[in-house]
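Below are the chains, spelled out letter by letter.
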Amino acid sequence: MSFDSFLSKLKTKASELKTEALKYKNKDFLNAAMAGSALIAMADGSVSAEEKQKMVKFIESNDALSVFTTTDVIKAFQDYVSQLEFDKDIGEAKAYQALGKMKSNVEASRLLVRMIIAVASSDGNFDANEQRVASKIARELGLTPAEFELQ
């Protein structure tokens, strides 16, 4: 094997490792984003197509999460929705646990709240139940709901 070939393989492996490291680094944010999206989407009792599309577009446009495939994103979202449908209390506990991992990162927490408000509003109606869940998520993340025009 030539030195150039060896160097090329080494660069490829380094790139693969970087991608894997980025996935690991942002896995908590992905889970928090999907947990928040599931909570807000289920606040009115059903998940609309608009809510799903808005959530996927957000993930695809976020640089930190663009390392995840759409399949990974949808699977994580569906897992949280399924848990909420199967047992609301346990599903909520797991979702808020995932969100809680972001509490120490104020910038990420604000982004999460903005994202879940966008998901909730995507069907043209940000109803009282969705506002209540968004406020609870903001408080859970250590943020003031009024900062996002919530009560």
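Residues numbered from 1 in each chain as written. Predicted model: local features only at pLDDT ≥ 70, side-chain atom pairs only at ≥ 80, totals over all residues. Heavy atoms only, no water.

A. Fine view of the pattern of salt bridges. This structure, assessed with the given rule, holds 3 salt bridges. Ionic pairing is found between Glu147 and Arg110, a salt bridge with its closest N-O pair at 2.3 Å. Taken together, the residues span a long stretch of sequence, with Glu147 in the segment after helix H6 (128-140) and Arg110 in helix H5 (residues 106-121) at a distance of 37 residues. For Glu147, a relative accessible area of 38% translates into the label partly exposed. Arg110 sits in the partly exposed class, given a relative accessible area of 29%. (Salt bridge = Lys/Arg side-chain N within 4 Å of Asp/Glu carboxyl O. Helix = DSSP H or I, 4+ residues; strand = E, 2+ residues; numbered from the N terminus. Buried < 20%, exposed > 50% of the residue type's maximum accessible area, 1.4 Å probe, protein only.)

B. A look at the nonpolar core. Grouped together as the largest cluster of nonpolar side chains are 45 residues, with contacts concentrated most on Met34, Leu99 and Ile137. Every element with two or more residues in this core is listed here: helix H1 (3-42), helix H2 (49-61), helix H3 (70-86), helix H4 (88-100), H5 and H6. When residues no more than four places from it in sequence are discounted, the contact partners of Leu99 are Ala32, Ala35, Gly36, Leu39, Leu112, Ile137 and Leu141. (Core = buried A, V, L, I, M, F, W, Y, C linked by side-chain atoms within 4.5 Å. Contact = heavy atoms within 4.5 Å.)

C. Region of the structure containing the confidence of the model for the protein chain. A residue-level look at the protein chain finds 85% of positions with pLDDT of 70 or above and a mean pLDDT of 84. Here H1 is the element of the protein chain with the lowest mean pLDDT, 73, and H4 is the one with the highest, 96. (pLDDT = per-residue confidence, 0-100.)

D. Structural view of the packing of H4 against H6. The geometry of H4 relative to H6 is characterised by a closest axis approach of 10 Å and an angle of 45° between their N-to-C directions. On the basis of their axis angle, the class for H4 and H6 is oblique. Every pair of crossing elements has a handedness; the one defined by H4 and H6 is right-handed. Where H4 approaches H6, its residues Glu92, Tyr96 and Leu99 are matched on the opposing element by Val133, Lys136, Ile137 and Glu140. When its residues are assigned to classes, the contact of H4 with H6 shows 4 nonpolar, no polar and 3 charged. (Axes fitted to C-alpha atoms, helices over the stretch in contact; angles between N-to-C directions. Parallel < 35°, antiparallel > 145°, perpendicular 65-115°, else oblique. Left-handed = near helix turned anticlockwise from the far one by under 90°. Nonpolar A, V, L, I, M, F, W, Y, C, P; charged D, E, K, R; others polar.)

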